[in-house]
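Examining the three-dimensional arrangement
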Amino acid sequence: MDYKTLDKSKQKEVAGLFTSVFASSEGKKEGILIGNLSSELASSIDNEETICFGVYENESLIGSIFFTRLQFNEPIQVYMLAPVAVSTEHQEKGIGQALINYGLNELKKRSVNVVVTYGDPSFYSKVGFQPLSENVIKAPLKLSMPFGWLGQSLSGGSIPTINGRPACVKEFNDPVYW
């Protein structure tokens, strides 16, 4: 397995991966939705506001993950992990967890304080995420499933309470993702 920080040149490859993974697990409509989201995110990769990591096997992209910056009125670095995809034939092998751990370690090196995500608690708890109350950190938009709002501290301490709703990258500024 070869882990890499991806750039905009990988947009088509990343979008194809997300489209096929989500279409096979969630249906064609969701595949198109998340494929388009990942394509837009990949076109915005700047390694600061939008970061993308990939894992390759035999020079073929088999997994990818995005981290996007949440902006608060306080000087704290918070990133959101979403979306994540591992090719269908490589699932159930721990590749997604390894990729998430790789990304979290890369963010620790950048002195990121907190990472949040919005997803399946049973999956994300395997990589250290815990339920997060919106009384501690609010999501950028209204959550349709608040139990899926999760977070983890990368600084070793507890997750600090941050007042105010954050701004997210423009690609996530759509209620359909929340």
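Notes on the structure follow.

Scoring rules and cut-offs
Residues numbered from 1 in each chain as written. Predicted model: local features only at pLDDT ≥ 70, side-chain atom pairs only at ≥ 80, totals over all residues. Heavy atoms only, no water. Helix = DSSP H or I, 4+ residues; strand = E, 2+ residues; numbered from the N terminus. Buried < 20%, exposed > 50% of the residue type's maximum accessible area, 1.4 Å probe, protein only. Polar contact = N/O pair within 3.5 Å; in protein donor to acceptor, adjacent residues only side chain to side chain. Contact = heavy atoms within 4.5 Å. Salt bridge = Lys/Arg side-chain N within 4 Å of Asp/Glu carboxyl O.

Some thoughts on the side chain of Ser 87
Within the secondary structure, Ser 87 sits in the loop between strand E4 (78-86) and helix H3 (95-109). Since its relative accessible area comes to 7%, Ser 87 is described here as buried. In this structure the side chain of Ser 87 is engaged in a polar contact, spanning 2.7 Å, whose partner is the side chain of His 90. When near neighbours in sequence (up to four residues on either side) are disregarded, Ser 87 contacts Leu 17, Val 21 and Ile 62.

Focus on the pattern of salt bridges
Opposite charge on two side chains permits pairing when their charged atoms draw close. According to the stated counting rule, one finds 5 salt bridges in the structure shown. A salt bridge links Lys 10 to Glu 13, with the shortest nitrogen-to-oxygen separation between them at 4.0 Å. Looking at Lys 10, the relative accessible area reads 29%, which means it is partly exposed. A relative accessible area of 32% means that Glu 13 is categorised as partly exposed. Across the pair Arg 165 and Glu 134 runs a salt bridge, and its minimum N-O distance is 3.6 Å. Of this pair, Arg 165 sits in the segment after strand E7 (149-153) while Glu 134 is found in the loop between strand E6 (130-131) and E7, placing the two residues 31 residues apart along the sequence. In this structure Arg 165 comes out as partly exposed when scored by relative accessible area, which is 45%. Residue class for Glu 134 comes out partly exposed when judged on its relative accessible area of 25%.

Comments concerning unusual backbone geometry
Residues apart from glycine generally show negative phi values, whereas peptide bonds are mostly found in trans. Of note, the amide linkage connecting Ala 82 to Pro 83 takes the cis form, showing an omega dihedral of -15°. With respect to the helices and strands, Pro 83 occurs in strand E4. The phi dihedral of Glu 59 falls on the positive side, at around 65°, and the residue is not glycine. Looking at the element boundaries, Glu 59 is found in the loop between strand E2 (50-57) and strand E3 (60-70). The exposure class of Glu 59 is exposed, given its relative accessible area of 77%. For Ser 111, which is not a glycine, the phi torsion comes out positive at approximately 65°. Mapped onto the elements, Ser 111 comes out in the loop between H3 and strand E5 (114-118).

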